[in-house]
Amino acid sequence: MGDSGAFHGVRVLDFTQGIAGPYAAMLLAEQGADAIKVEPPTGDRARGRPSFHVLNRSKRGIVLDLETAEGCARAQDLAASADVVLVDSPPDALRRWGIDYEAVSRRNPTAVYCDVPLYGSRGPSAVLPPDDDLLAAVSGVFGLQWSYREAPVYLVAPIASYATGMLAADAIAATLFDRARTGRGDYIEVSGLAGAFALQSTSYLVPLAAMDIVRLAGRGDPKGPFPTYRVYRAGDGEWFMLACLTPVFWTKLVVALDLVEWLADPRFEGAPVAMSVPEDRQEIADRLESLFATQPRRHWLDFFRENDIPAGPVLSREEFLLDPLVIHNRMKVEVNDPEVARTVQMGVPLTLSETPGVIRGPAPLLGQHNDEVLSERMAGATEGTAGVETVDGRAPLEGITVLDLGTIYAGPYAGMLMSDLGANVIKVEPRDGDPWRAFAFGFLGANRGKRGLAIDLKRDEGLKLFYDLVRKADVVCDNFRAGVLGRLKIDYATLSRINPRIVSCSITPYGSSGPMAGLPGFDPILQARSGLMRAQGGDSQEPVYYQIAVCDFVAALLAAFGVVGALNVRETTGRGQLVETSLASAAMAAQAAEFTRYEGRPPDPRGAPNLIGVSALRRAYQCADGWVFLAADEPSCVEALLGVAGDALRAIDAASLLASPAEGGVAARLETFFAGLSREEAVRRLSAKGVPCALCPTIVDLFEDEHLKANDLWWDTEHNIHGPVRQTGRIVKWGRRSMRLERPAPVLGQHSREVLLEMGIDASRVAELIRRRVVVTTDLPEIPIWRQITGEAI
């Protein structure tokens, strides 16, 4: 299905169903891999849904009956010749079919074998049936979304499942890259929980000394967290997202609105994000709300654009598909699907300049390529470099040096992913630091594992120093808006002349060219513009701000995948290339199925600001000590549910139960039933009868949740300033290799001297650059700063 791409020559055998695994295989396929989708005779459980058509395109499809000896034998033979094997079935089934890791690796020691269990491989929820909503509940995604009441919120897009597929693609790509150096395959586990954690790296973080304060903090406003970073309604009733997140944009806003007195008001010191008094924040929000109600949305959007203030309209998905931004970026494509005819789908969400990805065809019909695939003479999997010893515990990107210029979330998190995968990541900041340092713990969640270097790139000596670092580096990544790199003289064209092997990765808000390329942009502007906020708001017409910075984190996951793909190509060509993605593309990648259009398409769930579920049998319920999520809306589950909660549901037949809305008489009866039970008791009773139900942790219990602990997803460390913290941990697990979790996020300039000397810069030059403040360095005291402040003994 093509003869080019970053993963050309890689064969992927995809046994997975649903969203996560198929997404990983599709990403690999559209960057050149030969992906073969293996389905049972009944087909992937997602057939008939929009997700199937987009997440299984670019693949060939076969049917194997793994309950027969012949089907198992064919699967085993295919796995023996594959480079990548993707699975998501229970371990006992994989062993029965002879395609568990031990069996595959005996015949094919170079295989990269990726297991994608939705709920992880350990803990009480591991045995739940595959269900994207249960994943969002178990992982805390529902429980941490903001609303107007103290309850979990059902999200209308399965973002945790999408992120799981992208994270799996990252892990597979990194392992393939390392296989070329070591000659060895490996086992990888990327769970759905890990995908959810990848989206929550900056909010799944807590200072251990202040755990109780975090639990009491309550929920944020579903319009947005700060008065200059939230949605507003204009005078014509239309909504827009204002996104002044940094002091620079706060100043531009108040000056443009002729509210300069706010800059001198001591109550607003620390604006826009670090104001500690809620009443002060509310005063700003109320004033802005009244002001914006005086003019129509078009007026305000023009005003913001003229004054370089980041903002954007709240649109529907249909409007976004017609947006000139989407058309220019080729993120709207038509694919002629053999099952549903003409479809509209998202395009390829990242670009590699020398080996661009392409859509290689529509999703296959059931068994469409059986004869073709099964008649092929399957060669052995691609051999790695012979004679290179594998070192157990190594991280796959060891030996790769990354210069990370990123700020806020998207760029820094891409760098953090590469650090977790083993790269030597150097966070390069201006002398006054990444503006997101003001957000303290949010900064820690996107910058773990890096060393800190502060340089003034606007001075000639600083720029020359950066060029010298580029000569020794493998990757440079950033998330500036279009045009900034050129003004700083660090664009790809310039850097590649200095080092032809350099891989440069840019995450822009709207793309590197086109009608909005030079505008400032932040995650929620693309949440708003792409239709995500409106879809979550539903019939209320009030848009809902996703607490997860979904566009930022998805862009980072895509960027890391693209970088590793480019490194893979460089092993053959010796040359680097430019990798690009954008928040706009990420917004579509995070709603891949929701943007898929065809005649007869089933409707998406309808949202609401306080949406607790989509029916009485698929929603969150409050128990005596917290929340659970019930997913019993299949006919096979109803009788079992009646066997447990029959008294509460007396005289209601199965058909009525299945048709009951999330708020109503049946739901009220079930609310009473659950209120009389503890969470553990409710789950125990229902699970014993085969009714899908799981704990739904909120901020109150997330960090101590037993299932999350059982899957080893937390990492405890100590930061020099902020003290002991708990944050996301080993979200990718290997058999031989390992994630590298070495250090918390750096203090500004913490490693400047160390890094420069290590990169071959002369010591006298380093000293002079520091003396002239071209380079900033911070020498940390022997006693950590947080211990000095608190007086805690060493």
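Residues numbered from 1 in each chain as written. Predicted model: local features only at pLDDT ≥ 70, side-chain atom pairs only at ≥ 80, totals over all residues. Heavy atoms only, no water.

A. Structural view of the nonpolar core. Y23, L242, F304 and I731 are the most contacted members of the largest nonpolar core, which totals 192 residues. Per-element tally for this core: the top contributor is helix α25 (residues 550-573), with 16 residues. Other than its neighbours up to four places away in sequence, I731 contacts L167, E189, V190, A194, F197, A198, Y413, L713 and M739. In this structure, Y467, Y492, V755 and V774 belong to the second largest nonpolar core, which totals 33 residues. (Core = buried A, V, L, I, M, F, W, Y, C linked by side-chain atoms within 4.5 Å. Buried < 20%, exposed > 50% of the residue type's maximum accessible area, 1.4 Å probe, protein only. Helix = DSSP H or I, 4+ residues; strand = E, 2+ residues; numbered from the N terminus. Contact = heavy atoms within 4.5 Å.)

B. Layout of the sheet that holds strand β22 (residues 626-631). Spatially, β20-β21-β22-β23 is the arrangement adopted by the four strands of the open sheet, whose pairing is antiparallel. Only two strands of the sheet have a single partner each, and these edge strands are β20 (613-615) and β23 (693-695). When the angles between neighbouring strand axes are averaged without regard to direction, this sheet yields 40°. Alignment of strand β21 (residues 618-623) against β22, held across six bridges, turns out to be antiparallel. Looking at the pairing, A620 lines up with F629 of β22. Sitting on the sheet, helix α29 (residues 665-675) touches β21 and β22, and the angle it makes with β21 is about 40°. Strands in contact with helix α30 (residues 679-688) are β21, β22 and β23; relative to β23, the strand with the most contacts, it is inclined by about 155°. (Pairing = 2+ DSSP bridges. Axes fitted to C-alpha atoms, helices over the stretch in contact; angles between N-to-C directions.)

C. Looking closely at the sheet that holds strand β9 (residues 239-243). Taken together, three strands build an open sheet; the order of strands is β8-β9-β10 and the sheet is antiparallel. Unpaired on one side and paired on the other, β8 (229-233) and β10 (311-313) mark the two borders of the sheet. Adjacent strand axes in the sheet meet at a mean angle of 20°, parallel and antiparallel pairs treated alike. Where β8 lies against β9, five bridges are found, and the strand directions are antiparallel. If you follow R233 over to β9, its bridge partner there is W239. Those strands touched by helix α14 (residues 297-306) are β9 and β10, and its axis lies near 20° from that of β9.

D. Highlighting helix α20 (residues 460-472). The terminal C-alpha atoms of α20 lie 19 Å apart, and with 13 residues this matches the ideal 18 Å at 1.5 Å per residue to within 8%. Considered for burial, the residues of α20 that qualify are G462, L463, L465, F466, Y467, D468, L469 and V470. (Expected span 1.5 Å × (residues − 1).)

E. Expanded view of the pairing of strand β18 (residues 503-508). The buried fraction of β18 is high, at six of six residues. Across four bridges, strand β17 (residues 475-478) lies against β18 in parallel orientation. Paired with C477 across the strands is C505, a residue of β18. Inspection of the sheet shows β18 paired to strand β19 (residues 578-582) by five bridges, in the parallel sense.

F. A look at the environment of V141. Mapped onto the secondary structure, V141 falls in helix α7 (residues 141-144). Classification of V141 as buried rests on a relative accessible area of 1%. On a C-alpha basis, the gap between V141 and L578 in space is 33 Å, while along the polypeptide they are 437 residues apart. Not counting residues up to four positions away in its chain, the partners in contact with V141 are A136, L155, A160, A196, Q200, Y204 and I548.

G. Quick peek at helix α8 (residues 159-182). If you check α8, its first and last C-alpha atoms are 34 Å apart, about what 24 residues at 1.5 Å a residue would give, namely 34 Å. Within α8, 22 of the 24 residues are buried, leaving the element largely enclosed by the surrounding structure.

H. Region of interest: the environment of L567. Tracing the backbone through its elements, the reader meets L567 in helix α25. In this structure L567 comes out as buried when scored by relative accessible area, which is 1%. Sequence separation between L567 and P227 is 340 residues; the distance between their C-alpha atoms is 42 Å.

I. Representation of the side chain of D133 within the structure. Topologically, D133 is positioned in helix α6 (residues 132-138). A relative accessible area of 13% means that D133 is categorised as buried. A distance of 2.9 Å separates polar atoms of two side chains, one belonging to D133 and the other to Y154. Of the polar contacts made by the side chain of D133, one reaches the side chain of R618; its length is 2.9 Å. Among residues more than four places away in sequence, those in contact with D133 are F142, Y154, R618 and F629. (Polar contact = N/O pair within 3.5 Å; in protein donor to acceptor, adjacent residues only side chain to side chain.)

J. Summary view of the packing of helix α1 (residues 20-29) against α8. Here α1 crosses α8 at 45°, and the two axes come no closer than 7 Å. On the basis of their axis angle, the class for α1 and α8 is oblique. Of the two elements, α1 crosses α8, and the hand of that crossing is right-handed. Across the interface between the two elements, A20, Y23, A24, L27 and L28 from α1 touch S161, Y162, T164, G165, M166, A168, A169 and I172 from α8. Across the contact of α1 with α8, the residue classes tally to ten nonpolar, three polar and no charged. (Parallel < 35°, antiparallel > 145°, perpendicular 65-115°, else oblique. Left-handed = near helix turned anticlockwise from the far one by under 90°. Nonpolar A, V, L, I, M, F, W, Y, C, P; charged D, E, K, R; others polar.)

K. Region of interest: empty space enclosed by the protein. Taken as a whole, this structure holds two cavities of 30 Å³ or more when the rule is applied. Quantified by volume, the largest cavity comes out at close to 50 Å³. Lining the largest cavity are L167, D170, L417, D420, L421, I731, V732 and M739. Among the elements of the structure, α8 and α18 (410-420) are those that each provide at least two residues to the lining of the largest cavity. The calculated volume of the second largest cavity comes to roughly 30 Å³. In this structure, the second largest cavity is lined by W239, V314, R534, Q541, E542 and P543. Of the residues in the lining of the second largest cavity, the class split is three nonpolar, one polar and two charged. (1 Å grid on protein atoms, 1.4 Å probe; cavity = no way out; pocket = protein on both sides within 12 Å on 5 of 7 lines; lining within 4 Å. Points joined across faces, edges and corners; volume = space filled by probe spheres on them.)

L. Quick peek at unusual backbone geometry. The residue after A271, namely P272, is reached through a cis peptide bond having omega 10°. Looking at the element boundaries, P272 is found in the loop between α12 (261-264) and α13 (278-292). Even without being a glycine, R330 presents a positive backbone phi close to 55°. Within the secondary structure layout, R330 lies in the loop between α16 (324-328) and β11 (332-337). Even without a glycine there, the phi angle at D712 is positive, about 55°. Within the fold, D712 resides in the loop between α31 (706-710) and β24 (714-719). Exposure remark for D712: the relative accessible area of 38% places this residue in the partly exposed category.

M. Spotlight on the environment of D404. Relative to the helices and strands, D404 resides in strand β14 (residues 401-404). Under the relative-accessibility criterion, D404 is labelled buried at 0%. Linking D404 and I426, residues 22 residues apart in sequence, is a C-alpha distance of 5.8 Å. If we skip the residues at most four places from it in the chain, D404 touches G411, P412, G415, V425, I426, K427, V428, K450 and C477.

N. Up close: the packing of α18 against α25. Relative to each other, α18 and α25 sit at 45°, their axes nearing to 8 Å. On the basis of the axis angle, α18 is oblique to α25. Once α18 is placed against α25, the crossing between them reads as right-handed. Touching A410, Y413, A414, L417 and M418 of α18 are D552, F553, A556, L557, A559, A560 and V563, all from α25. A class-by-class count of the residues in the contact of α18 with α25 yields eleven nonpolar, no polar and one charged.

Remember, this is a structural readout, not a statement about activity or role.
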